[in-house]
Amino acid sequence: MCGIIGYSGRSDATGRVIDGLYSLEYRGYDSAGIAAFVGGEVKTVKSEGRVARVCEMIKNFGGIKSNCAMGHTRWATHGAPSDVNSHPHICGKTVLVHNGIIENYAELAAELDAKADLLSQTDTEVAALTIDRSYFECGDPIKAIAEASKKLAGSYAFGIMFADLPGSIFGAKKDSPLIIGISDDGNFIASDITAVLKYTKKYIALSDGEMCRISADGYEIFDALGAPIKKEICTATWNAEAAERGGYDHFMYKEIAEEPTAIKKTLAPRVKGGAVAFADDGIDDIMLSEMKKLTVVACGTARHAGLIAKYYFERLCRVPVCVDIASEFRYRDPIIDADDTLMIISQSGETADSLAALRLARERGAKTVALVNVIGSTIAREADTVIYTHAGPEIAVASTKAYTVQAATLLAFALRTAYAKRTISFEELKRCTSVLTSELPKATESVIGRSAELYEAARKYFSADDIFYIGRGADGYIADEASLKLKEISYIHSEAYAAGELKHGTLSLITPKTPTVALATRRSLFEKMMSNIREIASRGGKVFAVCADDFPCGDAVEARFDLPACDEMIMPIVAATACQILAYHIAILRGCDVDKPRNLAKSVTVE
Ligand code: M6R
């Protein structure tokens, strides 16, 4: 929800921190700030607004020459986005940047009798004061952070400087991500690897309770009690270009364009003897054949991918799938035990609600599988088994390639399960594997190549105040995601309905000014979809069909986008890409900031 980065070394720290903040802006972009040691003193610059504003301020000061600096880009939780609420926060000798939420900040402030000392409305400033009081008492930075951490409830990744320890930056984490980046000319702490990829691929992911100190000379890691520990150094497989816009105007479009490659990269290593398999991920056919029920828990777009899993699993394997919203899951005492398999789907692998659901399922003894994009993320580390998608870094707040790759992987997983349960033959598994690995990337590519047609459709509908999406079966679940994509980036109100449900109330909202996008990829449901489209058209509603090329809708629709001819099994996923492009064009035509929609952040590490 916020991004933090720190660097201590022999090179320009301000430049590195600013670079890192730009790549962390996807985590929050309502205010930003940096703190740097300059000639043994701490200098801070912070402001409401984006990183560019802080950059401008630094330029106006004539730059900040420093070899040790840290920065923050914020998504406000406590206290409005404002200069005073921006990080870093300074209390006494302690300078703090924070990602997370300190839940007991009000109690702590009262205990510390802190009212008079606090300048902002943030929970972070109370954490800074807590650390500073400990530091004042013990004079030892690691001890002080460990002592203060015991008092803090909630989640945090901290970057900490102490004014009397120039050249050092300390880190601590609980339930929010923090890595150490190791480079030849200095060391980093950061919320994630993308922030330092330009300088190094070597990193160490800290675990909950751990602390660290970085300086120009090296790094140290400590356990929760302050004892030094050693941890394995990992090497990132992403390169710096993957996290840059390349020649594209927006990350969102670049990421849609990467879908065909991302699907291939994810599925190809899992094809053995012509058939997709998950044994290398630690999931063999015995485990799959024994699966009696699957519970999928996720948030937002990842949950919509879970709904696709439900469709394919129930159809192909006759395994009941329950898809749950992660933020609801643990509060309703879910029925889950050692006989169950629980799958968490998450692009970032850091979503707080999904992580909490995973931990609850593990407590209850369920087998846990994570479908995650970010390697080494917390959810990936804590699940019993992890299936990685290889979509590469997804920077735009609106999830696109992560979703289509999740959907493709889940279909592959359902197919392998179906084979393990012998509800499909090996020959059929091989045929479907080829459809997934070859036809799907090709069909997706073809849709991307016809973006201009979707732009024309966008021109018809971009000024609408409300847009509905309808579909049946898998198309209904794609409609859910298409609708979320539209509202997230274009700010048009939108709702998705199972097409047959419209006449049970929602039809009253249809007017000539309320267009509907109708998804129709299932031939067995064509007739029923036609009835639903006619119900809309006869009430003056305009319909745009995203459909199979043989969908017989005649002039009941105002316009249509014919999906490339491909196996019906994958057509809903191909339709999803078309809807992403439609939403993108609509948002651009409305002048929206598609990569950073208002009020949102990419990685939701608060509950
Ligand atoms: O990183 P995750 O996949 O766990 O994120 C879950 C949701 O926050 C995310 O999918 C969100 O809904 C997207 N911004 C939607 O485009």
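Scope of this entry: the structure provided in the associated data block. Predicted model only: the values in this text are computed from it and were never measured.

Some thoughts on the overall build of the protein chain
Piece 1. Helix and strand content of the protein chain: 18 helices and 27 strands.
Piece 2. Expected size for 607 residues packed as a compact globule is a radius of gyration near 25 Å; at 25 Å, the protein chain falls within 12% of this value.
Piece 3. C-alpha atoms of the protein chain, sized along the principal axes, occupy 75 × 55 × 45 Å.
Piece 4. Buried residues in the protein chain amount to 61% of all 607 residues.
Piece 5. Pairs at least 24 apart in sequence give 72% of the contacts found in the protein chain among residues at least 6 apart.
Piece 6. Summing over all exposed atoms, the protein chain offers an accessible surface of approximately 22,600 Å²; the carbon and sulfur share of this is 51%.
Piece 7. Side chains of the protein chain carry 69 positive and 80 negative charges; the gap between the two charge centres is 3 Å.

Focus: the site of the ligand
Piece 1. Among the 14 residues in the neighbourhood of the ligand, the closest are listed as Ser346, Gln347, Ser348, Thr351 and Glu488.
Piece 2. Serine 348 is positioned such that a nitrogen or oxygen atom in its side chain is 2.7 Å from an oxygen atom of the ligand.
Piece 3. Contacts to the ligand include serine 399, whose backbone N or O atom sits 2.8 Å from an oxygen atom.
Piece 4. Contact with the protein chains removes 90% of the 410 Å² of surface that the ligand exposes when unbound.

As for the packing of aromatic side chains
Piece 1. Summed over the entire model, instances satisfying the criterion amount to 14 aromatic pairs.
Piece 2. A ring pair is formed by phenylalanine 278 and phenylalanine 413, whose centres lie 5.1 Å apart and whose planes are at 85°; its orientation type is edge-to-face. Separated by 135 residues along the polypeptide, phenylalanine 278 in the loop between β17 (275-276) and α8 (285-290) and phenylalanine 413 in helix α13 (residues 401-420) bring together distant segments of the chain. Just as phenylalanine 278 is buried, phenylalanine 413 falls in that class too.
Piece 3. With a centroid separation of 6.3 Å and an interplanar angle of 40°, the aromatic rings of phenylalanine 468 and tyrosine 497 are classed as tilted. Of this pair, phenylalanine 468 sits in strand β23 (residues 466-471) while tyrosine 497 sits in strand β24 (residues 493-498), and the two are 29 residues apart along the sequence.
Piece 4. Of the residues examined, phenylalanine 468 reaches a relative accessible area of 2% and is grouped as buried.
Piece 5. Overall, the relative accessible area of 22% leaves tyrosine 497 in the partly exposed class.
Piece 6. Through a chain of ring-to-ring contacts, the aromatic side chains of Tyr7, Phe188 and Tyr199 assemble into a single cluster.
Piece 7. It is arginine 16 that lies over the ring of tyrosine 7; its NZ or CZ is 5.2 Å from the centre.
Piece 8. The cationic tip of lysine 43 hangs over the ring face of phenylalanine 61; the distance from NZ or CZ to the ring centre is 4.8 Å.

Regarding the environment of isoleucine 489
Piece 1. Along the chain, isoleucine 489 falls in helix α16 (residues 474-490).
Piece 2. Judged by its relative accessible area of 0%, isoleucine 489 falls in the buried class.
Piece 3. Separated by 99 residues in the primary sequence, isoleucine 489 and isoleucine 588 place their C-alpha atoms 8.9 Å from one another.
Piece 4. Those residues in contact with isoleucine 489 that sit more than four places away from it in its chain are Met252, Ala398, Ala583, Tyr584, Ala587, Cys592, Val594 and Pro597.

Some words on the pairing of strand β9 (residues 179-183)
Piece 1. Summarising burial for β9: 5 of the 5 residues are buried, a large majority.
Piece 2. Alternating residues of β9 divide into Ile179, Gly181 and Ser183 and Ile180 and Ile182, and every residue in both groups is buried.
Piece 3. For β9 and strand β10 (residues 186-190), the ladder comprises 5 bridges, and the chain directions are antiparallel. When the bridges of β10 are listed, isoleucine 179 appears paired with alanine 190.
Piece 4. Connecting the antiparallel pair β9 and β10 is a turn made up of 2 residues.
Piece 5. Looking at chain direction, β9 and strand β11 (residues 202-205) are connected through 3 bridges and run antiparallel. When the bridges of β11 are listed, glycine 181 appears paired with tyrosine 203.

Details of the sheet that holds strand β26 (residues 543-548)
Piece 1. Here we have 5 strands laid out as an open sheet, ordered β24-β23-β25-β26-β27, and parallel in their pairing. If you trace the sheet from one side to the other, it starts and ends with β24 and β27 (559-563), each paired once. Sheet twist, expressed as the average angle between the axes of neighbouring strands with direction ignored, equals 15°.
Piece 2. Here 5 bridges tie β26 to β27, and the two strands are oriented parallel to one another. Its bridge partner being in β27, alanine 545 is matched across the sheet by arginine 560.
Piece 3. Against the sheet, α16 makes contact with β23, β24 and β25 (516-520), and its axis sits at roughly 160° relative to β23, the strand it touches most.

With respect to the pattern of salt bridges
Piece 1. In this structure the tally under the stated criterion is 35 salt bridges.
Piece 2. Between glutamate 220 and arginine 213 there is a salt bridge whose closest N-O contact spans 2.7 Å.
Piece 3. You can call arginine 213 partly exposed: its relative accessible area is 26%.
Piece 4. When the shortest N-O distance is used, the salt bridge between lysine 310 and glutamate 314 registers 3.0 Å. Of this pair, lysine 310 and glutamate 314 both sit in helix α9 (residues 300-317), separated by 4 residues, roughly a single helical turn.
Piece 5. Residue class for lysine 310 comes out partly exposed when judged on its relative accessible area of 22%.
Piece 6. One network of salt bridges, in which partners are shared, links Lys173, Lys174, Asp175, Asp208, Arg359 and Glu382.

Remarks on the sheet that holds strand β21 (residues 367-372)
Piece 1. Reading across the sheet, the 5 strands line up as β19-β18-β20-β21-β22 and stay open at both edges, with parallel pairing between neighbours. For this open sheet the edge positions go to β19 (321-325) and β22 (385-388), each flanked by a neighbour on one side alone. Shown here is a sheet whose adjacent strand axes are inclined to one another by a mean of 20°, direction ignored.
Piece 2. Here strand β18 (residues 294-298) pairs with strand β20 (residues 341-346) via 4 bridges, running parallel. Looking at β20, one finds that threonine 295 is bridged to leucine 342.

Considerations on the pairing of strand β13 (residues 218-222)
Piece 1. Strand direction decides the pairing type here: strand β12 (residues 211-215) and β13, joined by 5 bridges, are antiparallel. Across the sheet, residue cysteine 212 finds its bridge partner in β13, namely isoleucine 221.
Piece 2. The turn linking β12 back onto β13 is made up of 2 residues.
Piece 3. Pairing analysis gives 2 bridges linking β13 to strand β14 (residues 228-229), with the strands arranged antiparallel. The residue of β14 that forms the bridge with phenylalanine 222 is proline 228.

A closer look at the side chain of glutamate 125
Piece 1. Structurally, the position occupied by glutamate 125 is in helix α4 (residues 123-138).
Piece 2. In this structure, glutamate 125 is buried with no salt-bridge partner, the nearest side chain bearing the opposite charge being lysine 46 at 7.4 Å.
Piece 3. Discounting residues that sit within four places of it in the chain, glutamate 125 has contacts with His89, Cys91, Asp117, Leu118, Leu119 and Ser120.

Here is what the cut-offs are and how they apply
- Residues numbered from 1 in each chain as written.
- Predicted model: local features only at pLDDT ≥ 70, side-chain atom pairs only at ≥ 80, totals over all residues.
- Heavy atoms only, no water.
- Helix = DSSP H or I, 4+ residues; strand = E, 2+ residues; numbered from the N terminus.
- Rg over C-alpha atoms; globule rule 2.2 N^0.38 Å.
- Buried < 20%, exposed > 50% of the residue type's maximum accessible area, 1.4 Å probe, protein only.
- Contact = heavy atoms within 4.5 Å.
- Areas by Shrake-Rupley, 256 points an atom, 1.4 Å probe, with all protein chains shown as cover.
- Lys, Arg positive; Asp, Glu negative; His and termini not counted.
- Charge placed at Lys NZ, Arg CZ, Asp CG, Glu CD.
- Near = heavy atom within 4 Å.
- Polar contact = N/O pair within 3.5 Å; in protein donor to acceptor, adjacent residues only side chain to side chain.
- Phe/Tyr/Trp six-rings, centres within 6.5 Å; stacked < 30°, edge-to-face > 60°.
- Lys NZ or Arg CZ within 6 Å of the ring centre and 35° of its normal.
- Pairing = 2+ DSSP bridges.
- Axes fitted to C-alpha atoms, helices over the stretch in contact; angles between N-to-C directions.
- Salt bridge = Lys/Arg side-chain N within 4 Å of Asp/Glu carboxyl O.

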